[in-house]
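Topology and contacts: notes
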Amino acid sequence: MSFLVLTFLFLWSFLPLKAQTTSTMFGEVRQGDGDPLPGVLIRAESTGLIGQRIAVSDANGHFVFVQLPPGSYELTATLAGMQTLVHTVEVSLNQVARPILRMSPQEIEESLKVVGSEMPVLDTLAITANYDNDLVDRLPVDRDQAGTALLAPGVTDLGPGGNVQISGAPSFENLYLVDGGVANFDNIKGEPTQIVIEDAIQETTVLTGSISAEFGQFAGGLVNTITKSGSNTFEGSLRFSFFNEAWREENAVEERTNLELEDDLSNLGSLTLGGPIIKDRLWFFVAARRERDGSNTLTRDPRPLTNEQARELMLPPDQRAPSPQSIATDREDDRFEIKLSSQIAPGHDFVASYLSREQNDINVAVDALHISAIPPLEQEDESLLSLNYRGRLNDLFSVELWYTDKQAELRDWFPEVGPGEDLRIDYTPIQDINGSQGAYQAPFTTGPIPEERDNRTFKIKFTYLWHTENIGLHQLTAGYQDYRDTRLSNNQATASGWSLTAATRFDEDGNPIPIFFRANPVVGLTRISFLPIEQESQGSDFIVQSAFINDEWFLGDSLRFNIGVRYDRNDATAQDGSPVADDDRFSPRLAVRYHPGGKRDHTLSAGFARYNARLADVAGSASLAGRASFISWVYDGPRTESIAEVFQWFDENIGDPLSPEALAQAAIVRRQDADDPTIVIADDLTSPIADEWTLGYARSWGQRGHLKFDYVFRDYQDYYATFINLDTGTNEAGTADRQVIDNDPGFYKREYHAVQVQGQWQFSRSGYLGGSYTWSQTYGNSTPENRDTGSASLNALTIYPEFNSFDQRAPNAYLPEDLRHNLKAWLSYSWELDFGLFNTTLFQTYRSGLPYGAFTDNVLANGDFGFPPNPGYINPPFFTRYFFDNIGTHRTDSLLQTDVALNLEIPLQRIEFFLRFDILNLFNGDATHFTSGLETNTEFRKPWNVLTDTPNRGEHWEYARDFGEARGPESLQSTREFRFDVGLRF
């Protein structure tokens, strides 16, 4: 039986496979006087490299190793009459490392060991940060892919829901790789998958600028994570992580609401094991992770009606609202990984990995104002298969093949109902318009049918090294990639197929009571929205075919160039099978690096790059197959608190919601009929782009440390925009205004300026200082994403221009993600004890305040505010937005936080015991820092002419009573918290 298993694993390792992108080492061997030294035997070894690599220096002292997996390499150089040299070199993602080995005549028998001065972040033209597992494991930070990426300059967590943003791009514009496979969860929000097991990570590389043409389909940055591969010795780990909600301090919102922190010890364990199946030929690595975690969370903070609103709704003044409700949530998260690495013959390597995750979330209180709107269960299953073949046809020519297949399935709560049952009364969510924007009465749901979000990639790359004395060294790469992203979704949105908006009062027990009323500018309006799925999904199919060519050119010891171009062709169909895009675009990438005087201690660099973003899911929104149509009416009946009376009014006055008469009365119509569409995709729709210019300076002090400065400017263009105007017209039936989705011709702006700094200093054998700092400005009026849908089509200035073309509708200002100062620094020191090693690491964070403004959405689009009569639209807007204060007029508190990690390692023969103790926010800082959950509402007083006048605070409007204060815990700095890990390494 064991023979059969071994045979199966061995044969499996011969499949065409995909793992991580490799790198090249082109080095030189010199004598002490600088002359080249030919005939030197160089042996390269690494824990991530099966077997050894052997090279002999040529007449000019040069040697080369190609297709090296990223990692740490030990080079051993030997030559008769010369002292043996052992030189350590770090190799990062897609890098051409240029080590210089200096050998001396043999005087003693011992080898001379040298730690190479080449830092991966300096020995590359890309703006790169690299973090291995040993470093991250000693820092008091989250050890997953996103948590590690946040260590790098130019990276923040200010996307919707805390998603990662890189170099000023929206969070869905990043590319995540795991073992070479695309690991974005989907092309909707673009966040990284949670499939990776933290203890299985070998290293993570973050690229924030000047990125090679080999990589595409992003306009932000690239995060590449490599998992461990096993080795010729059996190694592994067992870790148990302990944290408890009761081990942290209460924040101000929790104290105010008397939330009781749940005293429930987490249950999180992980196991890794790797080793040889056949030494120097076939390795294995497996990992597993199991988490059971419970905590308490809060619903949205209810907001009482203002006295002005209460008067309009015929209610007594001084309305009250209850505290947020405490909800017990639970998470079940199981992950698994298996990886095989093989060398079937010298020069031919295969790697295969498979990762999976199953997650159940119970009682997730997202946007719920009341417990009645919380779905009891949400489920996610995903897997990632990565296969890679690497062949070295000779010392200078190599080929790599990749194939990846990522699959994800989402399942949501849905009630069990009988056939023909009217669900409108009990299962229609109500969204509060008081200011909380929370829901009650019933949860939102994706429906009873699981949703599938998959992607597949095939890629081939050829690399050729061409070296002559006259034109220097060229690493020429060329390749082709076929990427396919598919989505099969029938998102019903609500169980009843309806949703309502209403003002809300609260009874004596704190339960929300909806109030339905006729529209007015003081309170707002009540909407009745119908969300039917009129056509089931056939599955979208977004195909991107790409080709790239890149030349990394070394001209002597001083100059280095990167010249590349990438070609991307989109061929996309929506979920109804209709074409979305059929376009192509070239993306040039240029960079230069200069060492003054040929010395590597000072480096100057500059570059230009164009990044062609992948076609986002919003591009398929012209098709409503699998998506709920959205048809919304303004309630115009008598004031009532009865949902049944609202639907009775609707049935009597509107009738069949899909009838031509009903559609003509609707305020918003987003539905699609293949024969008479209301949403149209422009024929020349293409992917958005970002143009980038960079300047850099780096200073190296050898192995002691380095400091690197990079200026990055990005101009984001061609985001998707929705157009509705008199020229776009109506559908043929004349029942709805036609919407056209096209690239923005210049209405919207998004620019990013930054100085990204990173460095490290080894001040003693036992201690070092490291970190990153970013000064940045993000400016414009373009925020093409939101928490619910991820990528979003911009529409503030391009729909109904007669009612939206005024200065304060969407003014250019600092964007909400404008984080001016962002510092992350760590100080680590180790003490050798008689029984082991003790390490202390301090992690310091400083973030300047985030910008926000003051606005109202209750500007009626009528003559009271100076707007002209309806020029002929079928569904003109009832309200529009007006900014009283531009974003950036106000800023949140700056955040200052000190975290501490204490690490104890005790060797016990072949086993090492470790204990890790983290204290987060040591001094319990309590900044109101984040704008999510911040009170930014205003109170309306009286109309003004929007087109000609400036409203006066106090006369026309006023700040909400708690303006600028935290409504929910998501606005606040995390309080002081304790957690610890215990385990074994062997």
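This one's a predicted model, so the numbers in the text were calculated from it and none came from an experiment.

1. Remarks on the overall build of the protein chain
Of the regular secondary structure elements, the protein chain holds eight helices and 55 strands. On C-alpha atoms alone, the protein chain measures out to a radius of gyration of 30 Å, which is about the 30 Å that the 2.2 N^0.38 rule sets for 986 residues. Overall, the C-alpha framework of the protein chain stretches about 100 × 65 × 60 Å when taken along its three principal axes. Long-range pairs, those at least 24 residues apart, make up 74% of the contacts in the protein chain with a sequence separation of at least 6. Summing over all exposed atoms, the protein chain offers an accessible surface of approximately 38,400 Å²; the carbon and sulfur share of this is 53%. Placing the 80 positive and 139 negative side-chain charges of the protein chain at their respective mean positions leaves the two points 5 Å apart.

2. Looking at the environment of Thr730
Its location among the elements puts Thr730 in the loop between β40 (720-723) and β41 (739-743). A relative accessible area of 30% places Thr730 in the partly exposed class. It is 54 Å that separates the C-alpha atoms of Thr730 and Thr124, two residues lying 606 residues apart in sequence. Excluding residues that lie within four positions of it along the chain, Thr730 makes contacts with Ala736, Asp737, Arg738 and Ile874.

3. Here's the deal with the pairing of strand β26 (residues 451-468)
When strand β23 (residues 397-412) meets β26, the two strands line up antiparallel, connected through 12 bridges. Paired with Ser398 across the strands is Thr463, a residue of β26. Pairing between β26 and strand β27 (residues 472-488): 17 bridges, direction antiparallel. By the bridge assignment for β27, Phe462 is matched with Ala478.

4. Quick look at the sheet that holds β41
Taken in spatial order, the three strands make up an open sheet running β37-β41-β40, and their pairing is mixed. Each edge of the open sheet is held by one strand with a lone partner, namely β37 (679-681) and β40. Taken over all neighbouring pairs, the strand axes of this sheet differ in orientation by 25° on average, direction set aside. The pairing of β40 with β41 spans four bridges and is antiparallel. Counted as the bridge partner of Thr722 is Ile741 from β41.

5. Things to note about the packing of aromatic side chains
All chains considered together, the criterion is met by 42 aromatic pairs. On the numbers, 5.8 Å between centres and 65° between planes, the contact of Phe63 with Phe65 is edge-to-face. As far as the burial class goes, Phe63 and Phe65 line up, both buried. Here a set of aromatic residues connected by ring pairs shows up, and it is made of Phe803, Phe806, Tyr852, Phe865, Phe867, Tyr882, Phe884, Phe940, Trp944, Trp957, Tyr959 and Phe963. Over the aromatic face of Tyr814 sits the side chain of Arg891, whose NZ or CZ is 5.8 Å from the ring centroid.

6. Let's talk about the confidence of the model for the protein chain
Per-residue confidence for the protein chain averages 89 on the pLDDT scale, and 95% of its residues sit at or above 70. Below pLDDT 50 for its whole length, residues 1-20 participates in 56 contacts with residues either more than four positions away or in separate chains.

7. Topic: the pairing of strand β33 (residues 579-594)
For strand β32 (residues 559-573) and β33, the ladder comprises 15 bridges, and the chain directions are antiparallel. Residue pairing across strands places Gly564 opposite Arg589, the latter belonging to β33. Hairpin connection, β32 to β33: the antiparallel pair is bridged by five residues, and Gly577 has positive phi, about 90°.

8. Examining the environment of Ser241
If you trace the backbone, Ser241 turns up in strand β17 (residues 235-248). Sequence separation between Ser241 and Leu265 is 24 residues; the distance between their C-alpha atoms is 9.8 Å. Those residues in contact with Ser241 that sit more than four places away from it in its chain are Ser266, Leu268, Phe980 and Asp981. A distance of 3.1 Å separates polar atoms of two side chains, one belonging to Ser241 and the other to Asp981.

9. Things to note about helix α6 (residues 643-653)
Considered for burial, the residues of α6 that qualify are Ile643, Val646, Phe647, Trp649 and Phe650. Looking straight down α6, one finds its buried side chains confined to an arc of 150°; they lie on one side. A side-chain oxygen of the first residue of α6 lies 3.3 Å from the backbone nitrogen of Ala644; this N-cap is Ser642. Immediately downstream of α6, the backbone of Gly655 shows phi near 80°, a positive value.

10. Topic: the nonpolar core
In a soluble, globular protein the nonpolar side chains are often hidden away together inside. Core analysis: the largest hydrophobic core is formed by 35 residues, its most contacted members being Leu313, Phe865, Phe867, Trp944 and Val946. Of all elements in the fold, only β49 (851-860), β50 (879-891) and β54 (957-959) reach the threshold of two or more residues within this core. At four residues, β49 tops the list of elements feeding residues into this core. Every residue in contact with Trp944, bar those within four places of it in the chain, is listed here: Val859, Asp864, Phe865, Tyr882, Phe884, Asp949, Pro951 and His956. Grouped together as the second largest cluster of nonpolar side chains are 32 residues, Ala581, Ala682, Ala690 and Val712 included.

11. Thoughts on the environment of Phe865
If you trace the backbone, Phe865 turns up in the loop between β49 and β50. Taking the C-alpha atoms as reference points, Phe865 and Leu947, 82 residues apart in sequence, are found 7.9 Å from one another.

12. Structural notes on a negative patch on the surface
A cluster of like negative charges, contributed by Glu250, Glu255, Glu260 and Asp263, occupies part of the molecular surface. Take Glu255: it is sitting in helix α4 (residues 252-257).

The rules behind these values
- Residues numbered from 1 in each chain as written.
- Predicted model: local features only at pLDDT ≥ 70, side-chain atom pairs only at ≥ 80, totals over all residues.
- Heavy atoms only, no water.
- Helix = DSSP H or I, 4+ residues; strand = E, 2+ residues; numbered from the N terminus.
- Rg over C-alpha atoms; globule rule 2.2 N^0.38 Å.
- Contact = heavy atoms within 4.5 Å.
- Areas by Shrake-Rupley, 256 points an atom, 1.4 Å probe, with all protein chains shown as cover.
- Lys, Arg positive; Asp, Glu negative; His and termini not counted.
- Charge placed at Lys NZ, Arg CZ, Asp CG, Glu CD.
- Buried < 20%, exposed > 50% of the residue type's maximum accessible area, 1.4 Å probe, protein only.
- Pairing = 2+ DSSP bridges.
- Axes fitted to C-alpha atoms, helices over the stretch in contact; angles between N-to-C directions.
- Phe/Tyr/Trp six-rings, centres within 6.5 Å; stacked < 30°, edge-to-face > 60°.
- Lys NZ or Arg CZ within 6 Å of the ring centre and 35° of its normal.
- pLDDT = per-residue confidence, 0-100.
- Polar contact = N/O pair within 3.5 Å; in protein donor to acceptor, adjacent residues only side chain to side chain.
- Arc of directions from axis to C-beta.
- Core = buried A, V, L, I, M, F, W, Y, C linked by side-chain atoms within 4.5 Å.
- Patch = residues over 30% accessible without salt bridge, like charges linked within 9 Å, V, L, I, M, F, W, Y side chains within 5 Å.
- Salt bridge = Lys/Arg side-chain N within 4 Å of Asp/Glu carboxyl O.

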